[in-house]
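The lines below spell out each chain.
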Amino acid sequence: MLRVAVLVLLLANAGYYAWSQGLLRGWGLGPESESEPQRMEQQIAPDNLRIVPPARRETPPAPPASAPAAPASPAAAASAEPLACLQAGVFDARQAEALRAALAPWPEGSWAMEATPITGRWMVYMGRFADEETVAKKRAELRALKIGYDRPGAALEPGLSLGRFSTEEAAQRGLGQLASQGVRTARVVQERADAPGYTLRLPAVGDALRPRLDVLQPALAGKTLRACG
């Protein structure tokens, strides 16, 4: 019996050896070989395989900033300059009529004549004197009293103006003050009556209209164009 057991053990060991060494693979027995040529042939370009890390979610790139605007050309910059508003006056009715004639060729809407009534003016007046010798004598007397004087205007020559006032009441108060200083022969007269007046307004003077301003000067009757107030 002992011999039989030893024989069985030897046969079993031989079978395990044959199985482990692949000697029984032809009978469909034995472990699979990881180094079989057919397994190597099933690999597709093993040398080109690379380990790729998992993809990361990236923040989308910000949209490109818009390109800065090109600098305006000198001509465009000049055209963008603000237009000037100019005015002159006050003109009486006759002067305003001469201005309208001079402005007739100008574009429509480029000018306007605005009504600006001319208020009356009063004067404390001495005169009318007989001659210039009498005027010179009265001037000397006023200087001695330290009282100022002026020429009254062509309509009241020869004479002297001791002050001009916007109302008759103000002129009478001025006369009373002069009387307290020793003036005895002065009186209040109306130098100018209320009258219609006009102010010239040029609301938008630009490059197209500026050359015309020189041509307009003679019709301004000595008055100056100034910024609109």
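What comes next concerns the included structure. From a predicted model like this one, the values you see are computed outputs, not experimental measurements.

### Remarks on the state of the cysteines
Here a disulfide denotes one covalent bond, and it connects the sulfur atoms of two cysteines. All told, the structure shown has one disulfide when counted by the stated rule. Disulfide pairing is shown between C85 and C228; the S-S distance is 2.0 Å. Its S-S torsion of approximately -80° makes the covalent link between C85 and C228 left-handed. Of the two residues, C85 is situated in strand β1 (residues 84–91) and C228 in the segment after β7 (226–227); the sequence distance between them amounts to 143 residues. Assessed through its relative accessible area of 21%, C85 is described here as partly exposed. Relative accessible area serves as the criterion here: at 23%, C228 is assigned to the partly exposed category.

### Let's talk about the sheet that holds strand β4 (residues 159–165)
If you walk across this open sheet you meet the three strands as β4-β3-β5, and the pairing is antiparallel. One side of each edge strand has no neighbouring strand; the edge strands of this open sheet are β4 and β5 (187–192). Each strand of the sheet is rotated relative to its neighbour by a mean of 40°, with strand direction disregarded. Bridge count between strand β3 (residues 121–127) and β4: five bridges; the pairing is antiparallel. Counterpart to W122 in the pairing with β4 is F165. Taken strand by strand, helix α6 (residues 168–180) contacts β3, β4 and β5, and its axis lies near 35° from that of β3.

What counts and how
- Residue positions within a chain follow its written sequence, with the count starting from 1.
- Local features in this predicted model are restricted to residues whose pLDDT is 70 or higher, and side-chain atom pairs enter the listing and the counts only when it is 80 or higher, whereas totals over whole chains, interfaces and linings include all residues.
- To obtain the side-chain values, all non-hydrogen atoms of the structure were used and water was disregarded.
- Two cysteine sulfurs form a disulfide in these notes if their separation is within 2.5 Å.
- Think of it this way: any DSSP run of H or I at least four residues long counts as a helix, any run of E at least two long counts as a strand, and we number them from the N terminus.
- Relative accessibility decides the category of a residue: with a 1.4 Å probe and only protein chains considered, values under 20% of the type maximum give buried, values over 50% give exposed, and everything between is partly exposed.
- Pairing between two strands requires that DSSP report at least two bridges joining them.
- Lines are fitted to the C-alpha atoms to define the axes, a helix being fitted only along its stretch in contact, and any angle between axes, read from their N-to-C directions, falls within 0 to 180 degrees.
- Whether two residues are in contact is decided by their heavy atoms: any pair within 4.5 Å suffices.

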